[in-house]
Amino acid sequence: MVTITRFAPSPTGFLHLGHVYSATLAWKAAWESGGRFLLRMEDIDQTRSRPEFEDAIYKDLAWLGLDWDPPVRRQSEHFEDYAILLEKLSDRGLVYPCFCTRKEIAAEITRSNSAPHGPEGPVYPGICRDMAESERQMRFARGDAYALRLNMVKTIAEVERSKLQFHEVSKGFIQCDPAPFGDVVLARKETPTSYHLAVTFDDAIQGVNHIIRGQDLFPSTHIHRLLQALLDLPTPTYFHHGLISDAKGRRLSKRDKDAAIKSLREYGCQPDEVLKMVDYG
Ligand code: GLU
């Protein structure tokens, strides 16, 4: 099979060896099958995304010889596409506006004495789920901040649960269970899409048939598979690779300046030395 894969960094910091590991695995899979290696800037968080990080990503990849197939897709240029998807889900009654602050959610969790924990943290207790339409309209008119949440129970009822599977390389078919996530956020007033919605749509629109990314994103795949079923999008094959840690066994972070590829470049490291650090080269 010809592999169409991608590397999808968020330009909110400099790339580190963990990113290089992901990018080399994807690049190699594409290259070996005569496929395509796409690059996508996941820059929906407009407050944290910065041009200097985006520039460094291009420079790092070019320096390492991980050449990508143009054009680069920048999510910030496609907010209108995500808005259309949200409208479709909203017309089907599957998303609702939630006006809660983090504080209000935390207080409700404490008050109700039930704090189910999902893969992304405490599960939203549903405060705004059944809000009257008149109150919703009043809050919109007042200009209140809101998030658009997926009504998980209603959504799961719409899809055939047994079909919610994906193929994970060397593991086989994985049955998804998105319910423990609760009513996930699909957009916010200021950020008109979430990672989950944008990544699912973009992988489909870019024709990606093999997603190679870190194990930390494995739980998210349960949500992505659900969105694929809802939006009638194809399901790629997945490979979630192990994460690279530093000498102290901690996961590499964008905050750790010494681990940045840009720093290694500037310290005089050679590209093949960096590629060897992730066991490829
Ligand atoms: N943008 C995500 C990140 O930088 C990766 C998304 C993905 O590969 O699905 O962690």
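Residues numbered from 1 in each chain as written. Predicted model: local features only at pLDDT ≥ 70, side-chain atom pairs only at ≥ 80, totals over all residues. Heavy atoms only, no water.

> When you look at the overall build of the protein in this model, what are you seeing that I'm missing?
For the protein, the helix and strand inventory stands at 10 helices and 12 strands. A globule of 281 residues ought to have a C-alpha radius of gyration of about 19 Å, and the protein, at 20 Å, matches this closely. Dimensions of the protein, computed from C-alpha atoms along their principal axes, come out at roughly 60 × 40 × 35 Å. Summarising the internal contacts of the protein: among those between residues at least 6 apart in sequence, 78% fall at separations of at least 24. Entry remark: accessible area of the protein is about 14400 Å², with carbon and sulfur atoms responsible for 52%. For the protein, the centre of its 36 positive side-chain charges and the centre of its 39 negative side-chain charges are spaced 4 Å apart. (Helix = DSSP H or I, 4+ residues; strand = E, 2+ residues; numbered from the N terminus. Rg over C-alpha atoms; globule rule 2.2 N^0.38 Å. Contact = heavy atoms within 4.5 Å. Areas by Shrake-Rupley, 256 points an atom, 1.4 Å probe, with all protein chains shown as cover. Lys, Arg positive; Asp, Glu negative; His and termini not counted. Charge placed at Lys NZ, Arg CZ, Asp CG, Glu CD.)

> For this particular structure, what's the right way to read the sheet that holds strand β7 (residues 147–150)?
Strand pairing in a sheet takes place through backbone hydrogen bonds and is either antiparallel or parallel in direction. Read across the sheet, 3 strands follow the order β4-β7-β10 without closing on themselves; strand pairing throughout is antiparallel. A single partner strand is all that each edge strand has here, and the edge strands are β4 (95–98) and β10 (185–188). For this sheet the average axis-to-axis angle between neighbouring strands, irrespective of direction, equals 30 degrees. Sheet topology places β4 next to β7; 4 bridges connect them, and they run antiparallel. Looking at the pairing, P97 lines up with L148 of β7. (Pairing = 2+ DSSP bridges. Axes fitted to C-alpha atoms, helices over the stretch in contact; angles between N-to-C directions.)

> Explain the pattern of salt bridges to me, please; I cannot follow it from the model alone.
Note that side chains of opposite charge can pair when their charged atoms are close. Applying the stated rule across the entire model yields 25 salt bridges. With a shortest N-O distance of 2.9 Å, D203 and R40 are connected by a salt bridge. Taken together, the positions of D203 in helix α7 (residues 195–205) and R40 in strand β2 (residues 36–41) put the pair 163 residues apart, joining distant regions of the chain. Here the two residues D203 and R40 agree in accessibility, since each one is buried. Across the pair D202 and R73 runs a salt bridge, and its minimum N-O distance is 2.9 Å. On the criterion of sequence distance, the pair formed by D202 in helix α7 and R73 in strand β3 (residues 69–74) is long-range, its members being 129 residues apart. We classify D202 as buried; its relative accessible area is 0%. Overall, the relative accessible area of 11% leaves R73 in the buried class. Put simply, R6, R40, E42, R73, D81, D202 and D203 are held in one network by salt bridges that share partners. (Salt bridge = Lys/Arg side-chain N within 4 Å of Asp/Glu carboxyl O. Buried < 20%, exposed > 50% of the residue type's maximum accessible area, 1.4 Å probe, protein only.)

> Hey, could you run me through the layout of surface pockets in this one?
To find the voids left in a structure, one rolls a probe of water-molecule size over its atoms. Considered as a void within the structure, the second largest pocket measures approximately 210 Å³ in volume. Lining of the second largest pocket is provided by 13 residues; of these, S90, V95, P97, F140 and L148 occupy positions nearest its centre. Looking at the lining of the second largest pocket, the elements that each hand over two or more residues are α3 (79–91), β4 and α5 (133–142). When the residues that make up the lining of the second largest pocket are grouped by side-chain class, the tally is 8 nonpolar, 2 polar and 3 charged. (1 Å grid on protein atoms, 1.4 Å probe; cavity = no way out; pocket = protein on both sides within 12 Å on 5 of 7 lines; lining within 4 Å. Points joined across faces, edges and corners; volume = space filled by probe spheres on them. Nonpolar A, V, L, I, M, F, W, Y, C, P; charged D, E, K, R; others polar.)

> In this structure, what is going on with the site of the ligand? I would like to understand it.
In the vicinity of the ligand, the contacting residues are R6, A8, P9, S10, E42, Y195, V199, R213 and L217. Here an oxygen atom of the ligand and a side-chain polar atom of R6 are 2.7 Å apart. For the ligand, whose accessible area on its own is 300 Å², the fraction buried by protein is 80%. When its residues are assigned to classes, the shell around the ligand shows 5 nonpolar, 1 polar and 3 charged. (Near = heavy atom within 4 Å. Polar contact = N/O pair within 3.5 Å; in protein donor to acceptor, adjacent residues only side chain to side chain.)

> Any chance you could explain the sheet that holds β3 here in plain terms?
Taken together, 3 strands build an open sheet; the order of strands is β1-β2-β3 and the sheet is parallel. In this open sheet, the two edge strands, each paired with only one partner strand, are β1 (4–7) and β3. In this sheet, adjacent strand axes meet at a mean angle of 30 degrees when their direction is disregarded. In this fold helix α1 (residues 17–33) packs onto β1 and β2, with an angle of close to 160 degrees to the strand it touches most, β1.

> Help me out: how do you make sense of empty space enclosed by the protein in this one?
Within this structure, the stated rule accounts for 1 cavity of 30 Å³ or more. The calculated volume of the largest cavity comes to roughly 40 Å³. Forming the boundary of the largest cavity are T200, D203, A204, I211, H224, Q228, L233, P234, P236 and Y238. For the lining of the largest cavity, the secondary-structure elements that each account for two or more residues are α7 and α8 (220–231).

> How do you make sense of the nonpolar core when you look at a structure like this?
Side chains of a nonpolar character, in soluble globular proteins, are inclined to be buried together. In terms of nonpolar packing, the biggest core is built from 35 residues, with L89, L150, M152, L186, L230 and L231 touching the most fellow members. Those elements giving two or more residues to this core turn out to be α3, β7, α6 (152–158), β10, α7 and α8. Setting aside its immediate chain neighbours within four residues, L89 contacts L94, V95, L186, L230 and L231. Counting residues in hydrophobic clusters, the runner-up holds 25 residues, among them W27, F37, A259 and L264. (Core = buried A, V, L, I, M, F, W, Y, C linked by side-chain atoms within 4.5 Å.)

> Would you explain the environment of E80 in this entry?
As for its position among the elements, E80 is in helix α3. In this structure the C-alpha to C-alpha distance between E80 and Y146, which are 66 residues apart in sequence, comes to 18 Å.

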